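# Residue-level structure breakdown
The residues making up each chain are set out below.
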Amino acid sequence: MNFAPCRQCSAEVAAAEVQCPECGAPHPADPDWNGAGYEWKSGTTVRGWPLVHVAFGCDATGRVRVARGVVAIGARAVGGLACGIMAAGGLAIGIVSAGIFSLGVVSFAAAVAIGVNAIGPLAIGVVAVGAVGGGVQFIGWKMLFSLMPPRG
């Protein structure tokens, strides 16, 4: 078995080691490793945020990359228009999403939530919780539509 020093803490690690047992650095024996994934930012910024930011995977320290921009696309995305597995922003589209307008499997919104599980003032989903909304099961004040009869 080949051994090499960790690029961060210089501890002796196996060449095939995925994580340093001493400092936790990912792929410690590879001195050229700079993270797995992809990241791109547009040169144009709006109030310090890139117009478009795309980020997937991990950075050199092993942290998950987060896309932050007016338009953010990535596994984790935060922005005016955010698309990702976890998304937060003005218009959030993702498996788990939170925003003013939200679309996803689990959606939390300040205005409109649409998804399998939707929570917001206007909620539409299989299970919808809100002031106004509809779905297979709606819990709230004003039902627009539902497949289940209201309790009462």
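Notes on the structure follow. Model, not experiment: these values are computed from the prediction.

Quick look at the overall build of the protein chain now. In terms of helices and strands, the protein chain carries 0 helices and 9 strands. Counting from the amino terminus, helix and strand elements in the protein chain follow one another as β-β-β-β-β-β-β-β-β. The globule rule puts the C-alpha radius of gyration for 152 residues at 15 Å, and the 22 Å found for the protein chain is more than 25% above it. Taken over the C-alpha atoms alone, the protein chain extends approximately 70 × 40 × 15 Å along its principal axes.

Below, the discussion takes up the sheet that holds strand S3 (residues 37-41). Strand order in this open sheet of 5 strands is S3-S6-S7-S8-S9, and the pairing throughout is mixed. Pairing within the sheet leaves two strands with one partner each, and these edge strands are S3 and strand S9 (122-146). For this sheet, the mean inter-axis angle between neighbouring strands, taken without regard to orientation, is 45°. Bridge count for strand S7 (residues 66-74) against strand S8 (residues 76-119) is 7 bridges, and the pairing is parallel. Counterpart to Ile73 in the pairing with S8 is Cys83.

This part covers unusual backbone geometry. Its identity is not glycine, yet Ser10 carries a phi of approximately 70°, on the positive side. One non-glycine residue, Arg47, lies in positive phi territory at about 55°. One can find Arg47 in the loop between strand S4 (45-46) and strand S5 (49-50). By relative accessible area, Arg47 is classed as exposed at 84%.

It is worth spelling out the pairing of S7 at this point. Consecutive residues of a regular strand have side chains that alternate between opposite faces of the sheet. Pairing of strand S6 (residues 52-57) with S7, which is carried by 4 bridges, proceeds in the parallel orientation. Bridge assignment links Val54 to a residue of S7, and that residue is Ile73.

Here we come to the side chain of Ser102. Among the structural elements, Ser102 can be located in strand S8. Assessed through its relative accessible area of 4%, Ser102 is described here as buried. Within the local environment of Ser102, its side chain forms a polar contact with the side chain of Ser97, the two groups lying 2.6 Å apart. Ignoring sequence-local partners within four residues, the contact set of Ser102 consists of Ala92, Ser97, Ser107, Phe108, Ala109, Val112, Ala113 and Ile114.

With respect to the helices, strands and loops of the structure, Gly133 is situated in strand S9. Under the relative-accessibility criterion, Gly133 is labelled buried at 0%. Note: C-alpha distance between Gly133 and Ala118 (15 residues apart in sequence) is 9.4 Å.

Under the definition given, this model contains 1 salt bridge. A salt bridge links Arg65 to Glu39, with the nearest nitrogen and oxygen atoms 2.9 Å apart. In this pair, Arg65 is assigned in the loop between S6 and S7 and Glu39 in strand S3, connecting sequence segments 26 residues apart. Its relative accessible area of 14% is what places Arg65 among the buried residues. Residue Glu39 is classed as partly exposed on the basis of its relative accessible area of 39%.

As for its position among the elements, Ser42 is in the loop between S3 and S4. At 3.2 Å, the side chain of Ser42 and the backbone oxygen of Thr44 are in polar contact. Leaving out residues up to four positions away in the same chain, Ser42 has contacts with Pro50, Leu51 and Val52.

Conventions adopted
Each chain has its residues counted from 1, running along the sequence as written. Per-residue local features of the predicted model are confined to residues with pLDDT of at least 70, and side-chain atom pairs are confined, for both listing and counting, to 80 or more; whole-chain, interface and lining totals are unaffected and use all residues. Side-chain measures here rest on the full set of heavy atoms in the structure, leaving out hydrogens and waters. Helix and strand assignments follow DSSP, with helices taken as H or I runs no shorter than four residues and strands as E runs no shorter than two, numbered in order from the N terminus. The globule rule is 2.2 Å times the number of residues to the power 0.38, and the radius of gyration it is compared with is taken over C-alpha atoms. A pair of strands is considered paired only if DSSP assigns at least 2 bridges between the two. The axes used here are C-alpha line fits, helices contributing only the stretch in contact, and every angle between their N-to-C directions lies in the interval 0 to 180 degrees. Accessible area is worked out with a 1.4 Å probe on protein chains only. A residue is then buried under 20% of its type maximum, exposed over 50%, and partly exposed in between. What qualifies as a polar contact is a pair of N or O atoms within 3.5 Å, subject to a donor-acceptor requirement within protein and to the restriction that residues adjacent in sequence count only when both atoms come from side chains. Residue contacts are counted whenever heavy atoms from the two residues lie within 4.5 Å of one another. Take a side-chain nitrogen of Lys or Arg and a carboxyl oxygen of Asp or Glu: if they are within 4 Å of each other, that pair is a salt bridge.

Everything listed here is a matter of geometry and, on its own, says nothing about what the molecule does.
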